[in-house]
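The residues making up each chain are set out below.
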Amino acid sequence: MNTSSSLPAVVPILLIGFVYLLTPALTPKTVRFGVRIPAERAGDAAVASAGRGYRIGVVAVTAVALLTAYFVAAGTAARLSGVAVELVGTFAVYLMARSHVAAAKHAGRWFEGRRQVSVAETALRTRPEPFPWAWALPAVAIVLGTALFGVIRYPHMPDRLVWRYDGSGHPTSYTDKSFASAFALVGVQIAATALQLTLTRITFRGKANLDVEDPHAAERQRRFIAAMARCLLGLTAAINLTLFFAALATWDVVGSTGWFPVLLLAPTALATIVLITVAVRLGQGGSRIRFEGVEDVGSQNRVNRDDDRFWKAGVFYFNRDDPAVWVQKRFGVGWTVNFARPAALVFLAGVLAIVVLVVALR
Amino acid sequence: MLLTVEPDGDDPIYQQLRDQIVVAIAAGVLLPGDALPTTRQLAADLGINMHTVNKAYDLLRREGFVRLGRRTGAVVARGPADGPADAEDVAEWEPRARTLLAEAFAKGMPPQEVLERCQVLLDEFTKR
């Protein structure tokens with residue numbers, strides 16, 4: 001085993017474990033471990049014990065994953081095997097917690113005698129939250145700046161540009177200077193910005209999951225999408241900045257070794273930390289936002305519709321009747337697709353194609 | 001305004017939607033000129049089929065409550081202040097009112113109480 005090469009494996013494993021540990025607290029109280037429950041059952045003993053088992057499980061899996069990365073393999077294999085163990089293991093722990101809650105729900109007939117409803121707030125559509133376009137300007141400005149810099153720098157670039165680096169910033173392969181190779185990173189910036197802008201905009205206008213028992217439901221949704229859009233646009237700008245730094249290195253403006261790899265990733269890392277912090281503060285759909293005043297407990301015996309049958313394994317949404325393509329995740333913060341909609345499948349195929357293309361080009 | 005649907009309820013979903021919108025118009029929650037979400041938006045938000053929302057909007061259009069535009073979706077077309085009900089509307093409404101009153105009376109509610117309760121309900125709309 002090689003300590004220095006398995007160290008990078010530790011970071012993603014710990015990050016995944018950390019995120020998985022946090023996630024249950026971020027989900028709305030009417031959905032626990034991917035299972036829809038009436039709000040008053042959120043404190044049920046079965047839910048609590050599922051949560052305990054889950055936490056123990058995630059810690060155990062993370063420990064196993066770390067050991068795998070450290071002892072079983074080295075280098076890239078360490079990273080991959082450790083992360084694979086972590087991903088598969090945490091998902092398995094989640095599934096166990098989910099079946100525990102689902103079993104309690106069915107045995108206890110938690111939805112019996114309750115009126116199941118779906119709720120929509122028309123104002124979210126007729127007086128929609130304004131999209132924070134101004135926050136997209138930094139991302140665009142950085143792309144333009146990078147391109148401009150490249151144009152000015154082009155005559156002074158070496159005839160052979162670095163094409164690939166290793167983990168500590170040492171060049172490992174070169175390519176001939178050309179318009180395409182010099183501006184490849186600008187191309188990546190443009191594509192990444194376009195994709196992220198589009199997705200942020202689409203999910204911003206995506207459907208809300210309003211809790212029928214919560215009088216502040218619509219306000220939660222507004223604050224959630226407003227904050228998430230800003231964070232995502234900020235992340236887009238940060239990624240463009242990272243790509244700008246990378247371009248500076250390939251254009252021979254700055255050295256690529258020493259502290260540079262850290263500097264390179266700093267903007268993206270910082271923006272990601274901000275995003276996660278905001279997501280944790282708000283909770284999925286704004287579920288953790290605190291409001292003043294007494295919670296109005298609806299006297300109409302109404303609960304959120306039990307839509308478990310549309311959520312396969314509690315994570316894959318499949319509903320032919322629902323025209324929505326993007327929906328809010330059930331377990332986690334963010335969005336996922338409605339797999340019953342062709343547009344969603346086309347999108348996923350497109351993403352897959354891009355990934356395959358990038359891997360093939362390396 | 002909040003629109004609530006109960007998929008397993010007694011009334012079909014499109015009827016539930018139509019009823020809530022009519023009540024909102026009566027209560028002044030929806031004013032003439034107010035927009036309603038498009039079919040697709042409302043269907044997505046409620047997680048129901050677009051046909052169902054279409055049916056509701058179409059029913060409201062035929063009853064004269066909303067106008068449907070291609071780009072603008074549904075817009076409230078009239079309110080309580082927009083002219084008295086014509087004979088046709090009254091003729092359509094009266095049998096249903098008759099059934100409701102019959103239900104109450106047949107279950108032993110005294111006529112006076114029936115009228116009082118009706119007044120309370122009407123006050124909801126006129127007091128806004």
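These numbers come from a predicted model, not from an experiment.

The rules we used
- Residues numbered from 1 in each chain as written.
- Chains lettered and ligands numbered in written order.
- Predicted model: local features only at pLDDT ≥ 70, side-chain atom pairs only at ≥ 80, totals over all residues.
- Heavy atoms only, no water.
- Helix = DSSP H or I, 4+ residues; strand = E, 2+ residues; numbered from the N terminus.
- Contact = heavy atoms within 4.5 Å.
- Areas by Shrake-Rupley, 256 points an atom, 1.4 Å probe, with all protein chains shown as cover.
- Lys, Arg positive; Asp, Glu negative; His and termini not counted.
- Charge placed at Lys NZ, Arg CZ, Asp CG, Glu CD.
- Buried < 20%, exposed > 50% of the residue type's maximum accessible area, 1.4 Å probe, protein only.
- Pairing = 2+ DSSP bridges.
- Axes fitted to C-alpha atoms, helices over the stretch in contact; angles between N-to-C directions.
- Parallel < 35°, antiparallel > 145°, perpendicular 65-115°, else oblique.
- Left-handed = near helix turned anticlockwise from the far one by under 90°.
- Nonpolar A, V, L, I, M, F, W, Y, C, P; charged D, E, K, R; others polar.
- Buried area = accessible area lost by both parts, 1.4 Å probe.
- Salt bridge = Lys/Arg side-chain N within 4 Å of Asp/Glu carboxyl O.
- Polar contact = N/O pair within 3.5 Å; in protein donor to acceptor, adjacent residues only side chain to side chain.

Visitor: Outline the overall build of chain A, listing residues and values.
Guide: Counting secondary structure elements, chain A contains ten helices and ten strands. Dimensions along the principal axes, computed over C-alpha positions, put chain A at roughly 75 × 55 × 40 Å. Within chain A, counting contacts between residues at least 6 apart in sequence, those at least 24 apart form 72% of the total. When the accessible surface of chain A is totalled, it reaches about 18,400 Å², and 68% of it is carbon and sulfur. In chain A, which carries 37 positive and 22 negative side-chain charges, the distance between the mean positions of the two groups comes to 2 Å.

Visitor: Requested: an account of the overall build of chain B, with residues and values cited.
Guide: The number of helices and strands found in chain B is five helices and three strands. The linear arrangement of helices and strands in chain B, starting from the amino end, is β-α-α-α-β-β-α-α. For chain B, the spread of C-alpha atoms along the three principal axes comes to 50 × 35 × 25 Å. Here chain B holds 128 residues, and the buried ones make up 31% of them. Relative to all contacts within chain B whose residues are 6 or more apart in sequence, the contacts with residues 24 or more apart total 49%.

Visitor: Requested: an account of the sheet that holds strand β6 (residues 302–304) of chain A, with residues and values cited.
Guide: Pairing in this open sheet of three strands is mixed, and the strands run β6(A)-β3(A)-β1(B) from one edge to the other. Every other strand in the sheet has two partners, leaving β6 of chain A together with β1 (2–5) of chain B as the edge strands with one partner each. If you compare each strand with its neighbour and ignore which way they point, the axes differ by 50 degrees on average. Taken together, the four bridges between strand β3 (residues 115–121) of chain A and β1 of chain B define a ladder with antiparallel strand orientation. Pairing of A120 of chain A across the sheet is with L3 of chain B, part of β1 of chain B. Sitting on the sheet, helix α2 (residues 39–46) of chain B touches β3 of chain A together with β1 of chain B, and the angle it makes with β3 of chain A is about 140 degrees.

Visitor: Which residues make up the packing of α2 of chain B against helix α3 (residues 50–62) of chain B, and what values do they have?
Guide: All names here are of chain B. Axis separation between α2 and α3 bottoms out at 8 Å; the angle between their running directions is 125 degrees. When the axis of α2 is compared with that of α3, the two are oblique. When you trace α2 past α3, the crossing you get is right-handed. Residues T39, R40, L42 and A43 of α2 pack against M50, V53, N54 and Y57 of α3. For the contact of α2 with α3, a count of residues per class yields five nonpolar, two polar and one charged.

Visitor: Mind laying out the interface of chain B and chain A, listing which residues take part and the relevant values?
Guide: With 22 residues of chain B in contact, the opposing surface of chain A contributes 20 residues. Across the interface of chain B and chain A, roughly 1,900 Å² is buried in total on both sides, 51% from carbon and sulfur atoms. Counting the surface chain B buries against chain A, the share from its top three residues, T4, E6 and D45 of chain B, is 27%. Between R125 of chain A and D45 of chain B there is a salt bridge whose closest N-O contact spans 2.6 Å. At the junction of chain B with chain A, the criterion picks out ten residue pairs in polar contact (both at pLDDT 80 or more). Here the side of chain B that touches chain A takes seven residues from α2 of chain B, the largest share from any one element. Residue composition of the side of chain B that touches chain A, grouped by class: 14 nonpolar, four polar and four charged.

Visitor: Go over unusual backbone geometry, please, and point to the residues and values.
Guide: All names here are of chain A. Phi angles above zero are rare outside glycine, and R109 is one such case at about 50 degrees. One non-glycine residue with positive phi stands out, namely D252, at about 65 degrees. The class of D252 is partly exposed, set by a relative accessible area of 49%.

Visitor: Just give me the short version of the side chain of T193 of chain A, but keep the residues and values in it.
Guide: All names here are of chain A. Inspection of the secondary structure assignment puts T193 in helix α7 (residues 184–204). At a separation of 2.6 Å, a polar atom in the side chain of T193 contacts the main-chain carbonyl oxygen of Q189. Ignoring anything within four residues of it in the chain, the contact list for T193 reads A139, V143, T236 and N240.

Geometric descriptors of this kind do not, in isolation, establish any biological role.
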